[in-house]
Amino acid sequence: MKKFLMLGCLLGTLASLAQAQQAERKPFVRDRGYFSANINPAYPFLCGFGAKWFYNLPQRWSFGVVAEGAFQLPGFAAEQFFTNGENLRVRWDYALGTEVRYRFNRRDNDIRGFYLMAGAGYEGWTVRPREGEAVLPGTSQSVSFTNWYASVGAGFNWLPLRNRGLWIGIAYQTIWLLNNTDSRSVNGTMFNLRPWVSPGLAPTLSVGWRFGRSSQ
């Protein structure tokens, strides 16, 4: 019986301390800019990377840089970006760009909530025949090229621990490929980069950290 009483007292003390600590933590309200960064948690499973870094102004706007790529596209993504994509192995070599966000949450200048986004950048691809396909004599077996792109979209950031830095986000965007969309051939298969890519059913995921403390 004593052990249960002691355990109950200990749990009650820990709960009280946690509640007091949360009460002392001030809400995130900023009157000056601050940084945030995030990764796409799906890309490491594809042996690639996807990272963004932002400087968030106190009112509405966020400005960032983007670095992504270095992995082979899954089949559905290859078909999204390329005609005849089901017959190709597409490696997304890299994408380097910038991104601007307009945040709707103005009350505490936080990055949580809904936002609109626009981006632009430069990316590289390497396209090969699908694995196991017989090699046709006199045909190219690898094609590499680059292109510029632009994008617009919308997203939402959720902070599971309101007054801490961890955040989780989802976004949908439409992408325009601005050049090098002419037809090419690899192992006799004709393909081209589609001029635009609509949002898929699955959103783009983000896990990140918001730096800086409340200015209050």
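Residues numbered from 1 in each chain as written. Predicted model: local features only at pLDDT ≥ 70, side-chain atom pairs only at ≥ 80, totals over all residues. Heavy atoms only, no water.

A. A look at the overall build of the chain. Along the chain, the regular secondary structure elements total 2 helices and 12 strands. Each helix (α) and strand (β) of the chain, taken in turn from the N terminus, gives the series α-β-β-β-β-α-β-β-β-β-β-β-β-β. When burial is assessed residue by residue, the chain has 40% of its 216 residues classed as buried. Looking at the chain as shown, the accessible area adds up to about 12,500 Å², and 64% of this sits on carbon and sulfur atoms. (Helix = DSSP H or I, 4+ residues; strand = E, 2+ residues; numbered from the N terminus. Buried < 20%, exposed > 50% of the residue type's maximum accessible area, 1.4 Å probe, protein only. Areas by Shrake-Rupley, 256 points an atom, 1.4 Å probe, with all protein chains shown as cover.)

B. Inspection of the side chain of S151 at higher detail. Mapped onto the fold, S151 is located in strand β7 (residues 143-158). Among the polar contacts made by the side chain of S151, one reaches the side chain of Q173 at a distance of 3.3 Å. Apart from residues no more than four positions distant in its own chain, S151 is found in contact with M117, A118, G119, Q173, T174, I175 and W176. (Polar contact = N/O pair within 3.5 Å; in protein donor to acceptor, adjacent residues only side chain to side chain. Contact = heavy atoms within 4.5 Å.)

C. Examining the layout of surface pockets more closely. Roughly 880 Å³ of internal volume is contained in the largest pocket. Lining the largest pocket are 38 residues, with N40, Y43, Q80, F81 and T204 sitting closest to its centre. If you tally residues by element for the lining of the largest pocket, the top one is strand β6 (residues 113-129), at 5 residues. Among the residues making up the lining of the largest pocket, the classes are represented as 25 nonpolar, 9 polar and 4 charged. (1 Å grid on protein atoms, 1.4 Å probe; cavity = no way out; pocket = protein on both sides within 12 Å on 5 of 7 lines; lining within 4 Å. Points joined across faces, edges and corners; volume = space filled by probe spheres on them. Nonpolar A, V, L, I, M, F, W, Y, C, P; charged D, E, K, R; others polar.)

D. The arrangement of a nonpolar patch on the surface in detail. Taken together, the side chains of F35, Y55, L57, W61, F63, W209 and F211 make up a nonpolar region of the molecular surface, amounting to roughly 690 Å² of accessible area. Mapped onto the elements of the fold, F35 is located in strand β1 (residues 34-39). We classify F35 as exposed; its relative accessible area is 51%. (Patch = residues over 30% accessible without salt bridge, like charges linked within 9 Å, V, L, I, M, F, W, Y side chains within 5 Å. Salt bridge = Lys/Arg side-chain N within 4 Å of Asp/Glu carboxyl O.)

E. Just the pairing of strand β2 (residues 49-56), in detail. In this sheet, β2 lies alongside β1 in antiparallel orientation, the contact comprising 6 bridges. By the bridge assignment, S36 is partnered in β2 with F54. As defined by bridge partners, β2 adjoins strand β3 (residues 61-69) across 8 bridges and the pair is classed as antiparallel. Looking across to β3, one finds that Y55 is bridged to F63. Connecting the antiparallel pair β2 and β3 is a turn made up of 4 residues, with R60 showing a positive phi of about 80°. (Pairing = 2+ DSSP bridges.)

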